[in-house]
Amino acid sequence: MVGTPSGEVWLGRHEGRIQIRTKAYGLSVAADGRTARVFAAGTDSDADGWGPQVATLQLFGALDTLEGPDETAEAGPPVLLRQHPHPVIEAERCSTRWERAAVRLECRPEAVELSWSVRGSGTLGEVHLLAGRSVLPGGGGYLPSGSSFRTLFSPNPGDPRRLVRAAGESAVVGVVGDAGPGRGHWFFTPAPLCLALTTAPAVADPAQAVPEGWWTLAVDAPVSDLTFTQLAYVPVDGGFGLRLDYEGHTRVDGEFRTPTVVLTPDSPDPYEGLRRHRTRLTSRGSAPAVQRRRRPNWWSAPMFCGWGAQNHEGRVTGRPAQDLAGQAEYDRYLERLADQGLEPGTIVIDDKWQLQYGTCAPDPDKWPDLRGWIKARHEHGQRVLLWWPAWLWEGLADELCVRNPQGRPVALDPGNPKARKALEDGVARMLGDGPGDLGADGMKIDFTARTPSGAALTHHGPRWGIALLHELLSTVYDAAKRVKPDALVITHTPHPAFADVTDMVRLNDMLRLDDPEPDAPIVPQMNYRAAVVAAACPDLLIDTDDWCVPDRRQWREYLAVKPRLGVPALYYTTHLDRTGEPLGPDDYAALRAAWRAWDKRRHADV
């Protein structure tokens, strides 16, 4: 018996296999070092002390490069590197691409941690974990892990009609997405890199207790090491693998170790799994510690964003919604709300108040005096946020951008010092109080799913993917706090490592309007999203969003639950945009009641 500070681990050998058993799980690493069987915790009724087998992990891994694939030509037996304070096992393999390659398993009492290391030179493309390629005699090709899991939970919202999916379906967590087929996962970019799986079938609600419990499969590394665009769960018949898309922007010269994959059993539900994931990231320094933040009272006041009203007016007039982000329109929207006894504490001026996205200067035709308008709102006791689209460079020089082989810009490049300076100047222009500045109170940041992606793109600096988005947001957030310490920054990035670049997480659009059948029950979807944010980033406020609802009935249903989820956001003034349904006296009364309920709750929490 091997004693540990947090429990006990039984370690043994049988016919060349290394066997581990804890109160939480069992693990048996094959004598040939190729696979490891994972078991649920045993009970007193299990004669051999092992519970049901849930997975057979493929240990090879494949760190493919742009120069060629990584295949395993020979596998070595598992070696016990140490026993205390917990067993650590390593198995080497002979790679066709790397000078040395190995997998390491750290068998902690509560979880198994796996990482893959290589030595040599190459530019990473796709990295396959818990899966690999074999050119060994007796059966080669792609070898995934096998599992008995039946249901998969992803913290990254996809199809709004579903909260969970079958374990035989794919899932993606990352910073790339749009309205195209297979890419409609832009709502959280990024969500926590933490999936949950259970052997229970037909689970409809992730909050539903299942006797089998949930296992979490998470990726842990400092955010600067997350230089891939996405984590993909790749299902196969009876199994799965994980894929990290580095896209040729991470160069290895010498030693390289992948982010750690952590397999943790026995969560009662996926949300508890996310809470444990956040705790682990914090304890390892991979995410900032959860703390009680200083929050100005106005941050949590009910918000009005004009995007829904702009869209309704655009449908009526035939004008693009972006043309209606002007002073005359916003005065009219706010006057109509005031007539109904509704005065939001915070106003968000949405797309497109700017003349050019990259310069952050107002369009003079829409806003002849935006600075004066904001000042007048301040005198009225209100605050103003400006909508800002990440990655867009309109009005800035091409040399500040990530570019394709033809030299065309695809995104602003925060790795470029001149681009960072342009970002800082833009933030100062929006939030500053000097001559020519606008004096706004914060930013609503959107479009983070437009993170650049592609092996042929060129850029400055070592960061790519998730790490590059964090660098962009860190530049903006730090600049905002330097200019105005109580500035409010809203994103839709509930990954725990992004808690240091945001103050509030927006739940984002309710529907995917480009889907063939976009309508979906919105209350379950938004409850799920809010639960993800609360579990992963408990110290951040939640922006409940309000766009785009299928109909007035569901809008009223969601309005009723908003006060228990987060800061109520209102996007409409007189009509819904999708159906054109008017808001009547009962709707305005319900709005007033919801805002009163939220005010009561937020003041009680101070």
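Note: the structure precedes this text.
All values reported here derive from a predicted model rather than from experimental measurement.

Rules behind the numbers
Residues numbered from 1 in each chain as written. Predicted model: local features only at pLDDT ≥ 70, side-chain atom pairs only at ≥ 80, totals over all residues. Heavy atoms only, no water. Helix = DSSP H or I, 4+ residues; strand = E, 2+ residues; numbered from the N terminus. Rg over C-alpha atoms; globule rule 2.2 N^0.38 Å. Buried < 20%, exposed > 50% of the residue type's maximum accessible area, 1.4 Å probe, protein only. Contact = heavy atoms within 4.5 Å. Salt bridge = Lys/Arg side-chain N within 4 Å of Asp/Glu carboxyl O.

Colleague: Can you tell me about the overall build of the protein, naming the residues and giving the values?
Modeller: Along its length, the protein carries 9 helices and 34 strands. The C-alpha radius of gyration computed for the protein amounts to 26 Å, which stays within 12% of the reference 25 Å derived for 606 residues, consistent with globular compactness. With the C-alpha coordinates aligned to their principal axes, the bounding extent of the protein is approximately 80 × 55 × 45 Å. Taken across its 606 residues, the protein has 60% of its residues classed as buried. Within the protein, counting contacts between residues at least 6 apart in sequence, those at least 24 apart form 67% of the total.

Colleague: Tell me about the pattern of salt bridges, residues and numbers included.
Modeller: Tallied over the entire structure, the rule returns 48 salt bridges. Between E90 and R100 there is a salt bridge, with the nearest N and O atoms lying 2.9 Å from each other. Taken together, the positions of E90 in strand β10 (residues 88–95) and R100 in strand β11 (residues 100–107) put the pair 10 residues apart, joining distant regions of the chain. The burial state of E90 is the same as that of R100; both residues are buried. Two residues, R602 and D599, come together in a salt bridge whose shortest N-O distance is 2.7 Å. Here D599 and R602 lie together in helix α9 (residues 585–605), a separation of 3 residues that amounts to about one turn. Judged by its relative accessible area of 11%, R602 is buried. One continuous salt-bridge network, built from bridges that share partners, spans E106, R108, E113, D220, R280 and R284.

Colleague: Requested: an account of unusual backbone geometry, with residues and values cited.
Modeller: Most peptide bonds take the trans form, and the phi angle of most residues other than glycine is negative. Backbone torsion omega between D351 and K352 reads 10°, so that peptide bond is classified as cis. Of note, the amide linkage connecting W547 to C548 takes the cis form, showing an omega dihedral of 0°. Positionally, C548 belongs in the loop between β33 (541–543) and α8 (552–565). For E15, which is not glycine, the phi torsion reads 50° and is therefore positive. In this structure, E15 sits in the loop between β2 (7–14) and β3 (17–22). A relative accessible area of 63% places E15 in the exposed class. Residues other than glycine seldom take positive phi values, yet C360 does so here, at roughly 60°. Here C360 is to be found in the loop between β25 (354–356) and β26 (361–362). With relative accessibility at 2%, the residue C360 sits in the buried group.

Nothing here speaks to function; it is all geometry.
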